[in-house]
Amino acid sequence: MASGKSKSAKEVTSVFGTLVRTAEPEDSGGPACVRVKTVKKSGKDEDVHEENGVLFWVNKSGFPIDNKTWDRMWDHVARIHPDGYDVMHRVRDKKDLPSVPIPQAPTNFSASIPISERLDKIQNYMRTLQYNHTGTQFFEIRKNRHISGLLESAKEMIKEALPIKCLEAVILGIYLTNGFLGVERFPLSFKSVFGGNVHRHVVLGIYYAGSYGTIGMSRREDLMYKPLIFKSLTDLVFDYEKSYNKFMHDVKKVKVGMPVPHDSHSYEFISWKAVTVSPNRMSKKEITKDLESMAKEIRTRGQAHCDLPQVKLYSSRSQAKSWTITLQSPRKYSTEAPRDARTSLQQATKIYRAYTSIPTDTGTKKKTQTTSATLDSSDYQLRI
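Residues numbered from 1 in each chain as written. Predicted model: local features only at pLDDT ≥ 70, side-chain atom pairs only at ≥ 80, totals over all residues. Heavy atoms only, no water.

Trainee: Whenever I open this one, the pattern of salt bridges confuses me. Can you help?
Mentor: Where side chains of opposite charge bring their charged atoms close, a pairing between them can arise. Scanning the entire structure with this criterion turns up eight salt bridges. Two residues, Asp-83 and Arg-90, come together in a salt bridge whose shortest N-O distance is 3.3 Å. Overall, the relative accessible area of 49% leaves Arg-90 in the partly exposed class. A salt bridge links Asp-239 to Lys-226, with the nearest nitrogen and oxygen atoms 2.6 Å apart. Taken together, the positions of Asp-239 in helix H7 (residues 233-246) and Lys-226 in strand E10 (residues 226-230) put the pair 13 residues apart, joining distant regions of the chain. For Lys-226, a relative accessible area of 8% gives the class buried. (Salt bridge = Lys/Arg side-chain N within 4 Å of Asp/Glu carboxyl O. Buried < 20%, exposed > 50% of the residue type's maximum accessible area, 1.4 Å probe, protein only. Helix = DSSP H or I, 4+ residues; strand = E, 2+ residues; numbered from the N terminus.)

Here it is in structure tokens:
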């Protein structure tokens, strides 16, 4: 029945890397929603997995939003809201709507402010933006885009101050935590099942001074912000699993990515999946082993040089099947990592010094500046 439905559907596909968006059939009497499919190519065959969770539109027109996207968003709201089209007319026909205040993004922190307090301010800022319940994602985030381009989207989020979803919150969190000394950021993704539907979620994992936590956005408070109180990555993941079980979700997979560089001009790509664990298929001992090996890599990332595109995390004799990818670009033609790539700690130190005043010999203060002449040629590449 499902195959017959897909054959009768009028497919309108748009491909971005591994994402294929197809339109639902129009026999429902109105515009279609976007269904996201993940395509994994293996040789000549294609293994297609379809997300059966919540369907949503993606704004690809940029800002200001064009009339087509605007009308489509309101039509979708009218279809899913209990009051139907009445709520749409009450809002759109009203001329004296109150102005919405634009929150101030926490972009400048004093060196004396603790990291935990900074993360609290960043999370509170995300809460102020609120979770996006409109059914239209306002900012298009492509996972196969380089870091520099993704951070431009984060600047746009701050400028527009619109509600965001979990993936947008990860990019915004990376931007707002850039330059935090000793802080490692890594994507933490979840796949859960509830009522036969598959739901996917992602947050930004944080490691600092031997503790783990997360920042992000979700409909549920327990599924987004976790303070820096977890002494191991395993404790953090198991706490998320408890939170999911509280909402009757069965966690199928947990994916941990590699630490994200602090260089906002980097043309590297975010590694979204370096290790994958399956709580319903693996024992706690196996999960702990894989997660602790990944945690060791995160802890030493700021001190180890990345000279090779592939990082050997532990002995091949005990290597688990959950280690699925190597540190390489999602684009097939770019497989070599820069020979003199900086580590996350070095990049954070460079950004920190660029905006910090230091005393001189004469007792006055001057602002250190980082010029392009002092940077290696590998830090900046031509935009493709």
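Trainee: Would you mind showing me how to read unusual backbone geometry here?
Mentor: The amide bond that connects Phe-63 to the next residue, Pro-64, takes the cis arrangement and shows omega of 0°. Positive phi, close to 55°, is recorded for Ala-161, a residue that is not glycine. We classify Ala-161 as buried; its relative accessible area is 18%.

Trainee: Sorry, what's going on with the sheet that holds E10 here?
Mentor: Whether parallel or antiparallel, the strands of a sheet pair through hydrogen bonds between backbone atoms. Taken in spatial order, the six strands line up as E10-E9-E8-E7-E11-E12 in an open sheet, and their pairing is antiparallel. Of all the strands in the sheet, just E10 and strand E12 (275-277) have a single pairing partner and so form its edges. Averaged over all neighbouring strand pairs, the angle between strand axes comes to 25°, with direction disregarded. In this sheet, E10 lies alongside strand E9 (residues 211-215) in antiparallel orientation, the contact comprising two bridges. Within the sheet, the bridge partner assigned to Tyr-212 lies in E10 and is Phe-230. Strand contacts of helix H8 (residues 284-300): strand E7 (184-194), strand E8 (197-208), E9, strand E11 (250-256) and E12, with the helix running at about 155° to E12, the strand carrying the most contacts. (Pairing = 2+ DSSP bridges. Axes fitted to C-alpha atoms, helices over the stretch in contact; angles between N-to-C directions. Contact = heavy atoms within 4.5 Å.)

Trainee: Just to check I follow, could you spell out the environment of Arg-79 for this structure?
Mentor: Its location among the elements puts Arg-79 in helix H2 (residues 67-80). The class for Arg-79 is partly exposed, based on a relative accessible area of 41%. Among the polar contacts made by the side chain of Arg-79, one reaches the side chain of Asp-75 at a distance of 3.0 Å. (Polar contact = N/O pair within 3.5 Å; in protein donor to acceptor, adjacent residues only side chain to side chain.)

Trainee: Before we go on, may I ask you to explain the pairing of E11 in this structure?
Mentor: Direction of pairing for E7 relative to E11: antiparallel, over a ladder of six bridges. When the bridges of E11 are listed, Leu-188 appears paired with Val-256. One ladder, built from three bridges, connects E11 with E12; its direction is antiparallel. Across the sheet, Val-254 pairs through a bridge with Val-277, a residue of E12.

Trainee: Which parts of the structure should I look at to understand H7?
Mentor: Note on helix geometry: an α-helix contains 3.6 residues per turn, so any two residues three or four positions apart are oriented the same way. Here H7 is 14 residues long and its end C-alpha atoms lie 20 Å apart, about the 20 Å a rise of 1.5 Å per residue gives. Restricting attention to buried positions, one finds in H7 the residues Leu-233, Thr-234, Leu-236, Val-237, Phe-238, Tyr-240, Ser-243 and Tyr-244. Buried residues in H7 make contact with E7, E8, E9, E10, E11 and H8. Met-248 occupies a position one or two residues after H7 and carries a positive phi of about 65°. (Expected span 1.5 Å × (residues − 1).)

Trainee: What exactly am I supposed to notice about the pairing of E9 here?
Mentor: Both faces of the sheet carry side chains from a regular strand, because those side chains alternate between them. A large share of E9 lies buried, amounting to five of its five residues. What you see with E9 is no split at all: Ser-211, Gly-213 and Ile-215 on one side and Tyr-212 and Thr-214 on the other are buried throughout. The pairing of E8 with E9 spans five bridges and is antiparallel. In the sheet register, Ile-206 faces E9, and the bridge partner there is Gly-213. Hairpin connection between E8 and E9: a loop of two residues separates the two successive antiparallel strands, and Ala-209 in this loop has a positive phi of roughly 50°.

Trainee: How do you make sense of helix H4 (residues 115-129) when you look at a structure like this?
Mentor: Its 15 residues place the ends of H4 21 Å apart at the C-alpha level, agreeing with the 21 Å of an ideal helix rising 1.5 Å per residue. Within the span of H4, buried status applies to Ile-115, Arg-118, Leu-119, Ile-122, Gln-123, Tyr-125, Met-126 and Leu-129. Buried residues of H4, viewed axially, fall in a sector of 150°; they line one side. For H4, the secondary structure elements touched by its buried residues are helix H5 (147-160), helix H6 (166-176), E8, E9 and E10. (Arc of directions from axis to C-beta.)

Trainee: Looking at this structure, how should I read the packing of H5 against H6?
Mentor: Here H5 crosses H6 at 95°, and the two axes come no closer than 9 Å. Taken together, the axis directions place H5 and H6 in an arrangement best described as roughly perpendicular. Across the interface between the two elements, Leu-150, Leu-151, Ala-154, Lys-155, Met-157 and Ile-158 from H5 touch Glu-168, Ile-171, Leu-172, Ile-174, Tyr-175 and Leu-176 from H6. Here the contact of H5 with H6 is composed, by residue class, of ten nonpolar, no polar and two charged. (Parallel < 35°, antiparallel > 145°, perpendicular 65-115°, else oblique. Nonpolar A, V, L, I, M, F, W, Y, C, P; charged D, E, K, R; others polar.)

Trainee: Any chance you could explain the confidence of the model for the protein chain here in plain terms?
Mentor: Detailed reading of the predicted coordinates is not advisable wherever pLDDT is low. Averaged over every residue, the pLDDT of the protein chain is 75; residues scoring 70 or more account for 65%. The lowest-confidence element of the protein chain is strand E4 (residues 45-50), averaging 32 in pLDDT; the highest-confidence one is E9, averaging 97. Here residues 304-342 is a poorly scored stretch, pLDDT under 50, and it has 60 contacts once near neighbours within four places are set aside; other chains count. Long-range and interchain partners of residues 362-384, a stretch whose pLDDT sits below 50, account for 37 contacts in this model, where long-range means more than four residues apart. (pLDDT = per-residue confidence, 0-100.)

Trainee: I would appreciate a short explanation of the environment of Thr-234 in the present structure.
Mentor: By the secondary structure assignment, Thr-234 is in helix H7. For Thr-234, a relative accessible area of 5% corresponds to the buried category. With 22 residues separating them along the chain, Thr-234 and Tyr-212 place their C-alpha atoms 9.6 Å apart. In this view, Thr-234 contacts Thr-288, Leu-291 and Glu-292; residues no more than four positions away in its chain are not counted. There is a polar contact of 2.7 Å between the side chain of Thr-234 and the side chain of Glu-292.

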